[in-house]
Amino acid sequence: MGNYFRSFRVVLIISLIFYGKEMVFSQIKYSENALTGQGNLNLIGENYKLQPKVLEAFKQMSLQAKKDGILIQIVSAYRSFDRQLSIWNRKYASYVSEGLTPQRAIEKIIEYSTIPGTSRHHWGTDIDIIDGAVIKPKELLIEENYNENGSFSKLKKWMDINSERFGFYLVYNNDKDRKGFKYEPWHYSYQSISKPMLKQFLILDWNDIIKENSLKGNKYITDQIIAKYTLENILDINKNLK
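The model shown is predicted, which means the values in this text are computed figures rather than measured ones.

### Notes on the packing of aromatic side chains
Part 1: Under the counting rule described, the total for this entry stands at seven aromatic pairs.
Part 2: Ring centres of Tyr172 and Phe181 lie 5.2 Å apart, and the angle between their planes is 70 degrees; on these two criteria the pair is classed as edge-to-face.
Part 3: Take Tyr172: its relative accessible area is 4%, and that puts it in the buried class.
Part 4: On the basis of relative accessible area, Phe181 is assigned to the buried category, the value being 3%.
Part 5: Through successive ring pairs, a cluster of aromatic residues spans Tyr146, Phe152 and Trp186.

In structure tokens:
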């Protein structure tokens, strides 16, 4: 991983040129720990934690949705580094035990799950949601539940029309040209905070995160994998969030 930092800087420059963006920072400067799920972030809430402004916006959106017969329910919000690490390690061990090579196990994990320290859920700005007003299917966060005849189709239609006026944008949309994480019709981000946090996150050196001793398969996460992951999984998202 000795060349990682240099490679990442190159990827960052390329990505900024590719997306035609200037580095515009939030008036709030977030620490590395805050951006990577390791503390120093102001969070509130009971069952699920969010930044105060995000939680307030969510409550306003929920009140409006309730009037239309939809009970927006959060099933995942803030997620710590340690929580993401446990998800990663569990999936890695499972895939390898099934006979997958370490490289293929990593590819499978990052279809839906992030490398610990790089998750948007570390920021207290992102939520995974379902409709609590309907009978819950056996599996919650799968695409078919949000399709035309799915259990959460009414929720999805309502969000398509209303979510952005409350500041929430779908992150991994169904754009056929988008790469990286697969379509997630349940995952929304509070734009006015997550957008500047992404810009601050992009200048971090992930060397220590990748070298985390308890991150299973870390020695197989090469500079090439990180470069591709940055451009596709982190940056190839809803254009309104970049």
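### Examining the side chain of Asp131
Part 1: Relative to the assigned elements, Asp131 resides in strand S2 (residues 126-131).
Part 2: No salt bridge is formed by the buried Asp131; the nearest opposite charge belongs to Lys154, separated by 6.5 Å.
Part 3: At 3.1 Å, the side chain of Asp131 forms a polar contact with the backbone nitrogen of Leu71.
Part 4: Here Ala133 takes part through its backbone nitrogen, which lies 2.9 Å from a polar atom of the side chain of Asp131.

### What to know about unusual backbone geometry
Part 1: Of note in this structure, Asn40 is not a glycine but carries a positive phi near 60 degrees.
Part 2: Relative to the elements of secondary structure, Asn40 occurs in the loop between helix H2 (32-35) and helix H3 (52-67).
Part 3: Its relative accessible area of 62% is what places Asn40 among the exposed residues.

### Side note on the pattern of salt bridges
Part 1: Summed over all chains, the structure comprises nine salt bridges.
Part 2: The shortest N-O distance in the salt bridge between Lys182 and Glu111 comes to 3.7 Å. Taken together, the residues Lys182 in the loop between strand S3 (168-170) and strand S4 (187-190) and Glu111 in the loop between helix H5 (102-109) and S2 connect sequence positions 71 residues apart.
Part 3: Among the salt bridges present, the one from Asp126 reaches Arg120, with a minimum N-O distance of 2.9 Å. Just as Asp126 is buried, Arg120 falls in that class too.
Part 4: Connected through salt bridges with shared partners, the residues Lys108, Glu111 and Lys182 form a single ionic network.

### Here we look at the layout of surface pockets
Part 1: If you add up the space inside the largest pocket, you get close to 590 Å³.
Part 2: Arg79, Lys91, Ser113, Asp128 and Leu141 are, among the 27 residues lining the largest pocket, the residues nearest its centre.
Part 3: Where the lining of the largest pocket is concerned, the elements lending two or more residues are strand S1 (72-76) and helix H4 (81-97).
Part 4: Ranked by the residues each element gives to the lining of the largest pocket, the list is headed by H4, at five residues.
Part 5: Of the residues that constitute the lining of the largest pocket, the class distribution is 12 nonpolar, seven polar and eight charged.

### Structural notes on H5
Part 1: Taken together, the buried positions of H5 are Ala105, Ile106 and Ile109. Along the axis of H5, the buried residues cluster in a sector spanning 100 degrees; they form a single face.
Part 2: Buried residues along H5 sit against H4.

### Here's the deal with the sheet that holds S1
Sheet strands pair by backbone hydrogen bonding; their relative direction is either parallel or antiparallel.
Part 1: Strand order in the open sheet formed by four strands is S1-S2-S4-S3, with antiparallel pairing between adjacent strands. For this open sheet the edge positions go to S1 and S3, each flanked by a neighbour on one side alone. Ignoring which end each strand starts from, the neighbouring axes of this sheet average 45 degrees apart.
Part 2: By the bridge criterion, three bridges tie S2 to S4 in an arrangement that is antiparallel. Note on S4: the bridge partner recorded for Asp126 is Ser189.
Part 3: Across the face of the sheet, helix H6 (residues 153-162) comes into contact with S1, S2 and S4 while running at roughly 135 degrees to S2.

Analysis parameters
- Residues numbered from 1 in each chain as written.
- Predicted model: local features only at pLDDT ≥ 70, side-chain atom pairs only at ≥ 80, totals over all residues.
- Heavy atoms only, no water.
- Phe/Tyr/Trp six-rings, centres within 6.5 Å; stacked < 30°, edge-to-face > 60°.
- Buried < 20%, exposed > 50% of the residue type's maximum accessible area, 1.4 Å probe, protein only.
- Helix = DSSP H or I, 4+ residues; strand = E, 2+ residues; numbered from the N terminus.
- Lys, Arg positive; Asp, Glu negative; His and termini not counted.
- Salt bridge = Lys/Arg side-chain N within 4 Å of Asp/Glu carboxyl O.
- Polar contact = N/O pair within 3.5 Å; in protein donor to acceptor, adjacent residues only side chain to side chain.
- 1 Å grid on protein atoms, 1.4 Å probe; cavity = no way out; pocket = protein on both sides within 12 Å on 5 of 7 lines; lining within 4 Å.
- Points joined across faces, edges and corners; volume = space filled by probe spheres on them.
- Nonpolar A, V, L, I, M, F, W, Y, C, P; charged D, E, K, R; others polar.
- Arc of directions from axis to C-beta.
- Contact = heavy atoms within 4.5 Å.
- Pairing = 2+ DSSP bridges.
- Axes fitted to C-alpha atoms, helices over the stretch in contact; angles between N-to-C directions.

So, to be careful, I would describe these as geometric facts and stop short of saying anything about function.
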